[in-house]
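Spelled out, the chains give:
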Amino acid sequence: MNHTTPQPFNAYQKRILLLMAFIQFSIILDFMIISPIGDILMKTLSINTTQFGLVVSAYAFSAAIAGIVAAGFMDKFDRKKLFIWFFSGFIIGTLACALSHTYWQLVSARIVTGVFAGVSSAALFTLVIDLFAPQQRGRAMGVVQMGFGVSQVLGIPLSLFIATHLGWEFSFIAIVVLALGILLATGLILQPVTAHLAQQHDKNPFAHFLKVLSQSDYRIGFAAVMFLPIGGFMLMPFTAPFLINNVQVTAEQLPLIYLSTGLLSLIVMPLMGKFSDRYDRFTLFTFGSLGAVVMVFIYTHLSITPLWLVIVINILLFTCILCRMTPAMALNSMVAKPEDRGAYMAISSSLQQIAGGLGAFIAGMVILQQDAHSPLQHFDWLGYIAMGIFILCVFLVGRVSKLLEARKLAQGH
């Protein structure tokens, strides 16, 4: 592997990274909470697997559409103001989820939340690229992605406890309270980010969007990033129902599984960030993908299994999946030019959401369940599809890696 010397963070960057980790935590938790409370939702609202798949995919599709619409405008405003506006909308959408009492109210609220969450996420990762040099982005992405781990360690177990004892609606209320605090901290800590405005040449947002979409280098990145999350999106919404109804894990044991996985991810994500700044990112991604293929096969073929073994398998599975994300996102962060970063990340985020929404929708169509307490059928089919997608991603991310290497050679670095 190639070896490089990482560039240290300054004091402001450290504060921003901590803030960004909390932002990512709130956005990830809002999406992830649907999975662990999925069994409660399906039984409380009397919905089937196909309808539940729509709850998940409605969020993803609305986020995708919003990202595409916003792409032409992302580079036209101060990044700070843009983020605060959309994050405020995300909070309102999450509150609407808490106030939903029927299936269609919940679907509508998830659509609203997805619209603002998708653009908020794109704006967040654009800020990472703007504020951190290429030699810092692996570690920066690793710290930001720790929001996933914190959501597993604290957010999901606590939300499950709240949902079990107070009702699923209060899980969303807790997220609203947290997000309001994060919004206030963002306004106080984050400085305006406007350097990209001086490099703008396209006055028309639609023309800017088309220019970004038409560049062949960018399309290579778009192809890779679109397929990156789809395997996980297919499996994730149905993991809680699968563990409860097929593996015979109890609802009281679920928080322990998420807690143990999240604790490990808090260690793995920063390590992968450091490795991504020191070693070849594509090599790291390939190793993570091959490990994910093996663990998905094992996971999706589980039957009644002791709790300790379920925890071990779950930890290994998510470790491999997380080891794919950090180096891939660090590579993707280097594709766009500074004046195109907002639009590029918005389109990238939209494509990921489209792919994820399709994954969740297809999963809902593939999975069968006779009644709310019966084992899920065809979960192993999803595993085979996810394994194929992981292998495809190795080829696609490899193209991005070659593109960046060729660009370096052309620039004489």
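No experiment lies behind these values; they were computed from the predicted model shown. Think of each chain on its own: its residues are numbered from 1, step by step along the sequence as written. The predicted nature of this model means local features are confined to residues of pLDDT at least 70 and side-chain atom pairs, given and counted, to a pLDDT of 80 or more, with totals for whole chains, interfaces and linings taken over all residues. To get the side-chain values, all heavy atoms of the structure are used, and hydrogens and water are removed first.

A closer look at the overall build of the protein chain
- In terms of regular secondary structure, the protein chain is built from 17 helices and 0 strands.
- Note that the radius of gyration is over C-alpha atoms, with the globule rule given as 2.2 Å times the number of residues to the power 0.38. The C-alpha radius of gyration of the protein chain comes to 20 Å, within 12% of the 22 Å expected for a compact globule of 413 residues.
- A principal-axis box enclosing the C-alpha atoms of the protein chain has dimensions of 60 × 45 × 40 Å.
- The cut-offs for exposure are 20% and 50% of the maximum accessible area for each residue type, with area from a 1.4 Å probe on protein chains only; residues under the lower value are buried, those over the upper are exposed, and the others partly exposed. For the protein chain, the proportion of its 413 residues judged to be buried stands at 60%.
- Of the contacts made within the protein chain by residues no fewer than 6 positions apart, 86% connect residues no fewer than 24 positions apart. Helix and strand assignments come from DSSP, with helices taken as H or I runs of at least 4 residues and strands as E runs of at least 2, each series counted from the N terminus. When checking whether two residues touch, look at their non-hydrogen atoms; a contact exists if any pair is within 4.5 Å.

Here's the deal with unusual backbone geometry
- The residue Gln 248 is not glycine, and still its phi comes out positive at about 65°.
- Following the sequence through the fold, Gln 248 ends up in the loop between α12 (239–245) and α13 (254–278).
- Exposure remark for Gln 248: the relative accessible area of 47% places this residue in the partly exposed category.
- The backbone of His 378 shows a phi angle near 75°, a positive value even though the residue is not glycine.
- Checked against the element boundaries, His 378 lands in the loop between α16 (341–366) and α17 (379–411).
- Given the relative accessible area of 23%, His 378 is considered partly exposed.

A word on the packing of helix α14 (residues 281–300) against α17
- A fitted line through C-alpha atoms represents every axis, and for helices the fit uses only the stretch in contact; the resulting angles, taken between N-to-C directions, go from 0 to 180 degrees. Orientation of α14 relative to α17, taken along the N-to-C sense of each, is 175°, at an axis distance of 9 Å. Judged by the inter-axis angle, α14 sits roughly antiparallel to α17.
- For the contact of α14 with α17, a count of residues per class yields 16 nonpolar, 6 polar and 1 charged. An angle counts as roughly parallel when it lies under 35 degrees, as roughly antiparallel when it exceeds 145, as roughly perpendicular when it falls between 65 and 115, and as oblique in every other case. Put simply, Ala, Val, Leu, Ile, Met, Phe, Trp, Tyr, Cys and Pro go in the nonpolar bin, Asp, Glu, Lys and Arg in the charged bin, and everything else, Gly too, in the polar bin.

Notes on a nonpolar patch on the surface
- Note on patches: the residues involved have over 30% relative accessible area and no salt bridge, like charges join within 9 Å, and the nonpolar side chains Val, Leu, Ile, Met, Phe, Trp and Tyr join within 5 Å. The accessible surface values rely on the Shrake-Rupley method and a 1.4 Å probe; as for residues, cover is taken only from the protein chains in view. Salt-bridge detection follows one rule: a side-chain nitrogen of Lys or Arg within 4 Å of a carboxyl oxygen of Asp or Glu. On the surface, a nonpolar cluster with roughly 490 Å² of combined accessible area is contributed by Val 294, Phe 297, Ile 298, Trp 381 and Tyr 384.
- Elements that contribute at least two residues to the nonpolar patch include exactly α14 and α17.
- For the nonpolar patch, the element with the most residues is α14, which contributes 3 residues.
- Considering the arrangement of structural elements, one finds Val 294 in helix α14.
- Since its relative accessible area comes to 47%, Val 294 is described here as partly exposed.

Let's talk about the pattern of salt bridges
- For the structure shown, the criterion picks out 3 salt bridges.
- The closest approach of N and O atoms between Arg 79 and Asp 130, which form a salt bridge, is 2.6 Å. Taken as a pair, Arg 79 in helix α4 (residues 79–98) and Asp 130 in helix α5 (residues 103–131) lie far apart in primary sequence, 51 residues in all.
- Asp 130 gets classed as partly exposed once you look at its relative accessible area, which sits at 23%.
- Arg 407 is the partner of Asp 217 in a salt bridge, and the nearest nitrogen-oxygen pair spans 3.4 Å. Of the two residues, Asp 217 sits in helix α10 (residues 216–227) while Arg 407 sits in helix α17, which places them 190 residues apart along the sequence.

Some remarks on the packing of aromatic side chains
- To pair, rings of Phe, Tyr and Trp, with the six-membered ring standing in for Trp, must have centres within 6.5 Å; the planes then decide the type, stacked if under 30 degrees apart, edge-to-face if over 60, and tilted in the middle. According to the stated counting rule, one finds 15 aromatic pairs in the structure shown.
- Between Tyr 218 and Tyr 344 the ring centres are 5.3 Å apart and the planes differ by 65°, which places this aromatic pair in the edge-to-face class. Placement of Tyr 218 in helix α10 and of Tyr 344 in helix α16 is noted, with a sequence separation of 126 residues between them. For the pair Tyr 218 and Tyr 344, one class covers both residues: buried.
- Their ring planes at 20° and their centres at 4.8 Å tell us that Phe 222 and Tyr 344 sit as a pair that is stacked. One end of the pair, Phe 222, is in helix α10; the other, Tyr 344, is in helix α16, with 122 residues separating them in the sequence. Take Phe 222 and Tyr 344: they sit in the same class, and that class is buried.

Some words on the nonpolar core
- Take the buried residues of types Ala, Val, Leu, Ile, Met, Phe, Trp, Tyr and Cys, join any two whose side-chain atoms come within 4.5 Å, and each joined set is a nonpolar core. Among the nonpolar cores identified, the biggest contains 132 residues, and Phe 87, Phe 172, Leu 243 and Leu 254 are the most heavily contacted of them.
- In terms of residue count, α5 provides more of this core than any other element does, 14 residues in total.
- Non-local contacts of Phe 172, meaning those with residues more than four positions away in its chain, are made with Asp 30, Ile 33, Ile 34, Ile 37, Thr 94, Cys 97, Ala 98 and Arg 110.

Some remarks on the packing of helix α1 (residues 11–32) against α4
- It is the contact of α1 with α4, at a shortest axis distance of 12 Å, that shows an interaxial angle of 35°. Of the two elements, α1 crosses α4, and the hand of that crossing is left-handed. Where α1 approaches α4, its residues Ile 23, Ser 26, Ile 27 and Asp 30 are matched on the opposing element by Phe 83, Phe 87, Phe 90 and Thr 94.
- Its residues assigned to classes, the contact of α1 with α4 comprises 5 nonpolar, 2 polar and 1 charged. The handedness criterion is simple: a crossing whose near helix is rotated anticlockwise from the far helix by less than a right angle is left-handed, and one whose near helix is rotated clockwise is right-handed.

A look at the environment of Phe 227
- Mapped onto the elements of the fold, Phe 227 is located in helix α10.
- The spatial distance from the C-alpha of Phe 227 to the C-alpha of Ser 100 is 32 Å, given a sequence separation of 127 residues.
- Once you skip the residues sitting within four places of it in the chain, Phe 227 turns out to touch Ile 389, Leu 392, Cys 393 and Leu 396.

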